[in-house]
Each structure stands twice: as C-alpha cells, then as structure tokens.
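Coordinate inspection notes
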Amino acid sequence: MPPDAHLPQLREALLAWFAAHQRPLPWRINYTPYEVWISEVMLQQTQMERGVSYFTRWMARFPDVAALAAASEEEVLRLWEGLGYYSRARHVLAAARLIMEKHKGVFPSGLEDIRALPGVGPYTAGAVASIAFGEKLPCVDANVERVVARVFDLDGPVKQEPAASAVRAWALRLVPEGRAREHNQAMMELGALVCGKKPRCALCPLAAFCVSLHLGIVDQRPVPGKRAAITPIEVVTGVLRHTGRVFVQKRLASGVWGNLWEFPGGRVEPGESPEQAVAREFGEETGFDVAVDRSYGIIRHGYTTYRITLHCFALSLAATTAAATAAEPPAPPILTAASAWRWVTPVELENLAMPAAHRKLADQIFGPGGQSRLPGA
Ligand code: SF4
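Residues numbered from 1 in each chain as written. Predicted model: local features only at pLDDT ≥ 70, side-chain atom pairs only at ≥ 80, totals over all residues. Heavy atoms only, no water.

Glancing now at empty space enclosed by the protein. What the rule picks out here adds up to two cavities of 30 Å³ or more. Taken as a whole, the largest cavity holds about 100 Å³ of empty space. Here the residues of the lining of the largest cavity are counted per class, giving twelve nonpolar, no polar and two charged. Empty space within the second largest cavity amounts to approximately 30 Å³. As for the second largest cavity, its lining consists of Leu-10, Val-147, Val-148, Val-151, Phe-152, Leu-174, Met-187 and Leu-206. With three residues, helix H9 (residues 142-151) is the largest single contributor of residues to the lining of the second largest cavity. By residue class, the composition of the lining of the second largest cavity is eight nonpolar, no polar and no charged. (1 Å grid on protein atoms, 1.4 Å probe; cavity = no way out; pocket = protein on both sides within 12 Å on 5 of 7 lines; lining within 4 Å. Points joined across faces, edges and corners; volume = space filled by probe spheres on them. Nonpolar A, V, L, I, M, F, W, Y, C, P; charged D, E, K, R; others polar. Helix = DSSP H or I, 4+ residues; strand = E, 2+ residues; numbered from the N terminus.)

In structure tokens form, the structure reads like this:
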C-alpha cells in the first residue's frame, strides 16, 4: 500500500504522540519568535540538556531582542562559550541589532525577512516561521531526515541527491494545515526520542505506517553517506606568566574562533618537538623570547573532520631578556596573529570568552572562576 494513502492518519498519530510525550522545554511555554530563534540556533550540534542550560542562562541575561542588541560582543561570546561555532553568536548579535534598527525591535514574521537576518539559513528560517508563526513549512534536521528515510523507505544517502530532495518533499507534504508548530516539533522529537540511531519501533506512533519496518530493513535506513576522513592535528599552546598575570591575545575577527581570547600557540611543524613548537610560535606571534618551564599535559578535542591534540605548557620570559626582570609585565614587541593583547589575573581571565580547549586549560590551572592562586607567581 503506498504510504501517502495514510498521511492523514499518520499526522494524527504523530500529533497525539507529541501531545502526550513532548519534553517540557523552556521555549515551548510562550513560543515567542525570539526564544524559538535562539533555541534553534543553540541546539544545532548541541545536546538537548546542554542546550537547555545555555538557553536558560541566556534568557536570564538577554530576555528580549532589545537586551541582546544592547550587549557587547565580548559578553555575548562569553555567554556562548562552550557551544562552539562562534560565528553563530556574532550573527545572533548582528541580527538582534538589525531587528532593532530595521524592524523597530519587532521580530519579523515573513519568511523572506527572517531569512534576511544575519546567519539565518533555510533551516532556521523555516523553524522560526513554522514554530513561532505557524507557517506551513517543514523543518528538516538530522532527526527528521532519519524518520522520513525510514517511514518512506528512501534508498539513497539523505544528505545527497536525489534522496535529499525526496526528504524535503515528503517533509513538506506531511505538514498539516494549521498545525505546523506541533507537527514540526513532533517530527524532530520523534527522531530524538524514539526513531534514533537505535530505533525503538515497539514504542513508535508511526509503526503502522513505516515502510522500512514492514520490509524489515530499518537497520538499513537511512542509507549511510560517505564518512569524511578525520585528520589528526598536533598543536601547542603556552601560558606565559609574569608578576602574577598571564598573557592572552584576542584572535583576529575572521575564522572559527574570531575575536575570542586565547593563550598563543599554533601547529607543530614536521621534525619539531612540542616544546620547540610552543617557543617558536610564541616568538612568531608576540616577539617574546620564552622559556618552557613544564608541561600542563595534553587536551584532546574532536571536530567533524579533524582531531586536535593540544600540548599545553607553562612558560616564563627567557632569563636572558631584560623583560624577564621587569617589575611590570612588558608589552609584546609584535602581534602577528591577534588584534589585541592583555596581561590578566586568573579572575579577570574568567570574564574573557575563550575557545573550549583554552578554557579547559585555564580551569585546570587556576580552577573554575580563577579563584586559586597563580602557581609560581
Ligand atoms: S517504526 Fe521504527 S523505524 Fe519506523 S519511524 Fe518508528 S521508530 Fe522509526
């Protein structure tokens, strides 16, 4: 029997399941466009529990578009710290400012206007337009791709054509008139709670309609795409200390960690030891001649296509330089990989937005909040 013959029953079953089983999430109380937008941006590549805690903290500080638009980029990045993908945080701030200027502080309701906000792609625009404003549009995230591929037995990788178009077409066709908000969330919720990597078909409201379940090929759907090769990368960083302070620099605006603060460092070159690399990198980026005092260990971090091994070191200004005995921390002779620098106390470090690995290192050395004394200072 073709699956589209059962679409009305399928929709009803899904909506009934969602009404009974949806998780009580903070943005599901008032469904304001601002809250829906922030939750959708935060939840990309983030687990739900983590997303909820970031969302709650964010809303306590920036309860509406006006509060966000008035914030500094520094504070926005600090609150975003740990979610990664920092261009999202910068875009969210730019979008809030645009809403204040162009839309008089009112979140735009038209799809085109939503899509025109900085950093808003087709997925986020569709999510806000349908969940906040009830527009009859689908939301296709990885959960929905999986559910659609299984229910309608799509036999190609869902990220590639022609299956990608088939997913979007089915997802649109499924949206019931006047129920886009509940339906789209129900699809995503089903993918998250029931039709996950290990599907729990016995609990599924769509079991009666699911073609791959009936064919006994659920474990073959969705068809896996090509896995990206993982590239290992060796990098180093150094915590330079002087008279009770540590040296940090602000990364250039472009790039993944643009405008975040960091301990200087970089890649280990072929034939180089991590100790040699950190001294060279520090010299190239700041002009400081440094001595490597000891290792703080290794921090490993995985990304979609590469795996980082970060070697961390305690540094001091080389004893042969005049700066080593200076009463005040000296200015760096040069700054080649950053837009600003500071010598900060561990407590001041707490207020700067840093990439996750550097925050982890700072917490490891100084304790969360930077309360502990600077070792060796
Ligand atoms: S029956 Fe199983 S495979 Fe089909 S949608 Fe439900 S959980 Fe997914």
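Read on, since the account is not over.
Looking now at the side chain of Arg-11. Position of Arg-11 relative to the elements: it lies in helix H1 (residues 7-21). Among buried Asp, Glu, Lys and Arg side chains, Arg-11 stands out as unpaired, with Glu-12 the closest opposite charge at 7.7 Å. Separated by 2.8 Å, the side chain of Arg-11 and the backbone oxygen of Arg-173 make a polar contact. Within the structure, Arg-11 has its side chain in polar contact with the backbone oxygen of Leu-174 (distance 2.6 Å). When neighbours within four sequence positions are excluded, Arg-11 is seen to be in contact with Arg-173, Leu-174, Val-175 and Pro-176. (Buried < 20%, exposed > 50% of the residue type's maximum accessible area, 1.4 Å probe, protein only. Lys, Arg positive; Asp, Glu negative; His and termini not counted. Salt bridge = Lys/Arg side-chain N within 4 Å of Asp/Glu carboxyl O. Polar contact = N/O pair within 3.5 Å; in protein donor to acceptor, adjacent residues only side chain to side chain. Contact = heavy atoms within 4.5 Å.)

Turning next to the site of the ligand. As a matter of local geometry, the ligand sits amid Arg-150, Val-151, Cys-195, Pro-199, Cys-201, Cys-204, Ala-207, Cys-210, Leu-213 and Val-218. Because more than half of its atoms lie within 2 Å of the grid, the ligand is assigned to the largest cavity. Considering only residue class, the shell around the ligand consists of nine nonpolar, no polar and one charged. (Near = heavy atom within 4 Å. Sits in = over half its atoms within 2 Å of the grid points.)

Before going further, it helps to examine the UniProt feature "domain: Nudix hydrolase" (unreviewed entry) in the protein. Per the UniProt record, "domain: Nudix hydrolase" (unreviewed entry) is found at residues 225-367. Helix makes up 20% of residues 225-367 and strand 39%. Its end C-alpha atoms lie 42 Å apart. (UniProt positions renumbered as here; feature names shortened; annotations may be inferred.)

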